[in-house]
Amino acid sequence: MGLNRRGPRFALAVLHNVTQPRRDCRRACEFLEAPGPFGFLAMPCQVKSRFLLLYGSQRGQAKAIAEEIGEQAGERGLVADICCLSQEDKYNLEKETAPVVFVVSTTGDGEPPDTALRFVKGLRAKTLPADHCAHLRYALLALGDSNYPHFCNCGKTIDKRLRELGAQQFYATGHADDGVGLELVVDPWIEGLWEAMRKALSDMSAAPERRGCAPDPGEADRSGLDLKIQFLALNDSAGPSPAVPESDAETAPLEASLHASVPPLSESALGVPALPPPFLSAELLEPLELLGTDGDGPCAEEPVHQVSVTRAEQLTREDAVKTALLLELEIAGTPFSYEPGDSFHVFCPNPTTQVEGLLQRLGLAARRGHRVRLQLLPQTRKRAAQIPSYIPENATLHCLLTWCLEITSVPKKAFLRALVDCTTDAAEQRRLLELCSKQGSADYSRFVRDPGLTLLELLGAFPSCAPPLSLLVEHLPRLHPRPYSAASSSLCHPGKLRFVFNIAEYPACSGRPVPRRGVCTGWLAQLVSPVLRPRGGPRPGPQPGLPGPKVSVSLRPSTAFHLPSDPTVPFIMVGPGTGVAPFIGFLQHRDQQRREIPDGDFGETWLFFGCRHKDRDFLFREELERFVESGTLTHLKVCFSRDAQQGEAPAPKYVQDNLRLHTRDVARVLFKQNGCFYVCGDAKNMARDVNEALIGIAGAELGLEKLEALQAVAALRDEKRYLQDIWG
Ligand SMILES: Cc1cc2nc3c(=O)[nH]c(=O)nc-3n(C[C@H](O)[C@H](O)[C@H](O)COP(=O)(O)O)c2cc1C
């Protein structure tokens with residue numbers, strides 16, 4: 001706790017620690033007996049007030065936030081019974097008499113996390129009576145990402161259904177957006193929860209007969225949304241000021257950067273997140289001589305297959321904005337099988353430069369081969385603390401940083417807060433505090449989140465920061481394998497699996513002197529570089545004595561994103577850029593089927609494809625033109641967003657423009673002929689714009705008002721005729 005030791009001149013309104021820590025029981029009494037709009041509550045001191053805390057999480061964020069709520073509840077003398085929504089044996093909503101708090105994320109294309117699927121299905125049952133949840137009082141925090149078309153859909157579904165079934169909100173729902181930073185909503189939402197919880201507990205114990213009344217939407221406490229962060233004034237009398245650099249007009253920066261701020265931020269009082277309680281110790285044991293770094297490999301729970309790369313080809317010209325590569329994997333002899341539309345995982349290590357840089361930066365380079373022993377701190381205040389299950393027991397330090405932790409992920413604000421306490425320089429401490437504060441949100445976005453800064457890059461700007469290894473394990477997420485869509489059909493390429501990707505590039509910026517590449521795409525590009533066939537060039541000859549590149553892959557559970565089972569059903573595919581990948585698989589499959597059944601009845605097929613330049617990045621051009629010639633692809637509509645306009649009529653720039661140009665046909669295929677509509681690619685802009693275009697088409701061609709058009713498009717989704725495979 002560097003700040004406390006050094007007696008800071010300024011005082012921080014630490015969002016979660018505004019009050020002093022006291023013993024649980026006393027806090028419980030204060031919490032319950034505090035005067036409020038409902039007056040005082042007479043509750044026996046010994047009884048801790050309980051609430052049920054349910055979470056549904058796919059990748060762990062909702063779970064971590066639920067745990068954080070549980071921890072804060074403990075600090076306030078409350079008991080949070082925390083369960084995953086899938087643990088139905090541990091909770092019973094039908095009999096629940098305490099307030100219920102839900103924290104749920106959304107995954108896939110607006111779907112509930114796997115662990116919430118059964119719960120949501122049960123809640124949606126049409127047979128439930130209208131007062132089924134009338135006894136419940138609840139608050140809900142929905143996590144999502146506004147880059148996806150169905151923002152927070154799972155949370156919204158649960159929320160709506162609970163209200164339909166008579167449950168009453170005691171606190172306004174929070175919708176946290178991972179696209180801009182969950183903490184922007186999560187922190188104030190949790191802060192406001194406690195006052196609302198106090199009222200709810202007071203209500204429920206004082207007037208149990210009220211439970212079951214019709215819900216009153218105005219009744220929900222909105223304090224979480226209106227929450228104003230409290231600031232404590234600068235306190236000049238509190239001794240020397242290690243955390244606020246002396247004001248010096250000559251040395252003050254003119255412009256903000258990663259490591260320096262300008263007024264008003266540099267002079268503001270700050271509201272920062274609570275210091276996350278430490279919960280792990282990490283000890284380096286003896287070196288694992290036998291394993292060394294060669295023994296390192298992916299940490300996976302599912303079966304992983306090591307397969308050879310049999311082909312690597314650059315699909316774009318050297319001067320294209322992005323470089324797209326096609327890789328072919330040899331899957332014959334493995335249990336791996338797939339259908340077009342399926343995807344699979346590639347397990348990749350972290351970049352060597354980042355791993356080595358971190359080892360050097362942490363002063364642990366000489367100990368890379370040592371085994372890491374992780375243990376829970378016995379006195380930790382973190383509830384439900386666990387050693388991450390994805391770190392193998394005998395992992396070496398090198399393996400931990402290479403295969404287990406997502407070391408290139410953008411450090412979250414809570415991590416920055418924790419780094420303050422490992423930093424000795426006062427100016428650096430202050431800047432880290434600014435970056436994780438409410439007031440410094442814009443700087444955090446500009447210098448940390450938007451450029452995708454890694455921990456190593458961040459540490460470069462804060463030389464006096466020396467985090468212990470345990471802090472990295474506590475704060476860095478798991479290194480996840482990366483999903484890719486199959487871009488081939490095994491009917492056409494037996495025993496092979498192809499996929500295509502753009503090499504992700506992160507340009508130099510404040511804090512990143514040298515550009516870097518994406519973790520997986522950068523690694524794959526480097527791996528295949530000796531065997532890469534340049535665009536239009538010859539294939540490199542065999543490399544005698546050199547083993548061919550290999551990658552570790554696993555199957556991803558199949559989605560609904562498959563060709564229509566009835567081949568007569570017409571369909572439309574929309575996939576700009578590498579979003580065309582699954583459609584190459586679809587078309588190869590259909591092409592082969594047509595060869596096998598020449599007299600077969602096959603529905604018409606449309607592909608709306610988009611590139612930047614016709615000559616530079618028109619992926620699969622020859623193959624697509626062959627599909628058109630053979631009649632497998634009945635309509636190919638390609639647009640080029642950055643080519644100069646040719647001819648009189650304005651050419652469509654993007655796939656959605658092209659869809660609008662073919663309004664009549666699109667409406668006919670989808671609404672008259674019951675066809676299917678597939679979208680693959682970037683969720684951020686494209687999928688949303690395509691959805692908008694489709695709503696417009698439904699409105700124009702079916703003569704519908706906006707709301708009816710929305711419903712017509714929603715019906716396509718419900719009937720699984722509007723399918724998406726999109727990424728953010
Ligand atoms: C594959 C994937 C699909 C997603 N789909 C959606 C979506 O359809 N709508 C949405 O609002 N957020 C979506 N998200 C964003 C997550 O809900 C958000 O990142 C959340 O914080 C994840 O929480 P979790 O780790 O508890 O699952 C998606 C995220 C991923 C990785």
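Note that the coordinates shown come from a computational prediction; the quantities given were computed from them, not determined experimentally.

## Thoughts on unusual backbone geometry
Next up, step 1: Residue Pro264 is bonded to the preceding Pro263 through a cis peptide linkage, with omega at 5 degrees.
Next up, step 2: Structurally, Pro264 can be placed in the loop between α7 (223-226) and β7 (280-287).
Next up, step 3: The backbone of Phe620 shows a phi angle near 60 degrees, a positive value even though the residue is not glycine.
Next up, step 4: Tracing the chain through its elements places Phe620 in the loop between β18 (605-611) and α17 (621-630).
Next up, step 5: Judged by local crowding, Phe620 falls into the buried class, with 20 C-beta atoms found within 10 Å.

## Some thoughts on the sheet that holds strand β20 (residues 676-682)
Next up, step 1: Spatial strand order, β19-β18-β17-β20-β21: five strands in an open sheet with parallel pairing. Two strands in the sheet have a free side with no partner beyond their single neighbour: β19 (635-640) and β21 (722-727). On average, each strand axis in the sheet is tilted by 10 degrees relative to the strand beside it, whichever way the strands run.

## What about the domain arrangement of the protein chain?
Next up, step 1: Structurally, the protein chain comprises domain 1 (49-204), domain 2 (300-348 + 481-536 + 548-559), domain 3 (350-378 + 388-479) and domain 4 (571-726).
Next up, step 2: The C-alpha centroid of domain 2 is placed 37 Å from the C-alpha centroid of domain 1.

## Notes on the sheet that holds strand β8 (residues 305-314)
Next up, step 1: Across the sheet, six strands lie side by side as β12-β10-β16-β8-β9-β13; this open sheet has antiparallel pairing. Unpaired on one side and paired on the other, β12 (482-485) and β13 (496-502) mark the two borders of the sheet. In this sheet, neighbouring strand axes are inclined to one another by 40 degrees on average, regardless of whether the strands run parallel or antiparallel.
Next up, step 2: As defined by bridge partners, strand β10 (residues 343-347) adjoins β12 across four bridges and the pair is classed as antiparallel. Considered in β12, the bridge of Val346 is made with Arg482.
Next up, step 3: Its contacts with the sheet put helix α15 (residues 519-528) on β8, β9 (324-330), β10, β12 and β13, and the angle it makes with β9 is roughly 70 degrees.

## Here's the deal with the site of the ligand
Next up, step 1: The full set close to the ligand counts 23 residues, and Ser57, Gln58, Arg59, Ser105 and Gly144 are the nearest of them.
Next up, step 2: Elements that contribute at least two residues to the shell around the ligand include exactly α3 (61-75) and β4 (137-144).
Next up, step 3: Of the residues contributing to the shell around the ligand, the split by class is seven nonpolar, twelve polar and four charged.

## Concerning the packing of helix α20 (residues 683-702) against helix α21 (residues 706-718)
Geometry of a packed helix pair, given as the angle between the helix axes and the separation of the axes.
Next up, step 1: The contact between α20 and α21 brings their axes to 8 Å, and the two run at 115 degrees. Looking at the two axes, α20 sits roughly perpendicular to α21. The way α20 lies across α21 gives a crossing that is right-handed. Contacts between α20 and α21 involve Leu694, Ile695, Ala698, Gly699 and Leu702 from the former and Lys706, Ala709, Leu710, Ala712 and Val713 from the latter.
Next up, step 2: Of the residues belonging to the contact of α20 with α21, the class tally is eight nonpolar, one polar and one charged.

Definitions and limits used
- Residues numbered from 1 in each chain as written.
- Predicted model: local features only at pLDDT ≥ 70, side-chain atom pairs only at ≥ 80, totals over all residues.
- Helix = DSSP H or I, 4+ residues; strand = E, 2+ residues; numbered from the N terminus.
- Buried ≥ 20, exposed ≤ 12 C-beta atoms within 10 Å, placed from the backbone.
- Pairing = 2+ DSSP bridges.
- Axes fitted to C-alpha atoms, helices over the stretch in contact; angles between N-to-C directions.
- Domains from an automatic or database assignment.
- Contact = placed C-beta atoms within 7 Å.
- Near = placed C-beta within 6 Å.
- Nonpolar A, V, L, I, M, F, W, Y, C, P; charged D, E, K, R; others polar.
- Parallel < 35°, antiparallel > 145°, perpendicular 65-115°, else oblique.
- Left-handed = near helix turned anticlockwise from the far one by under 90°.

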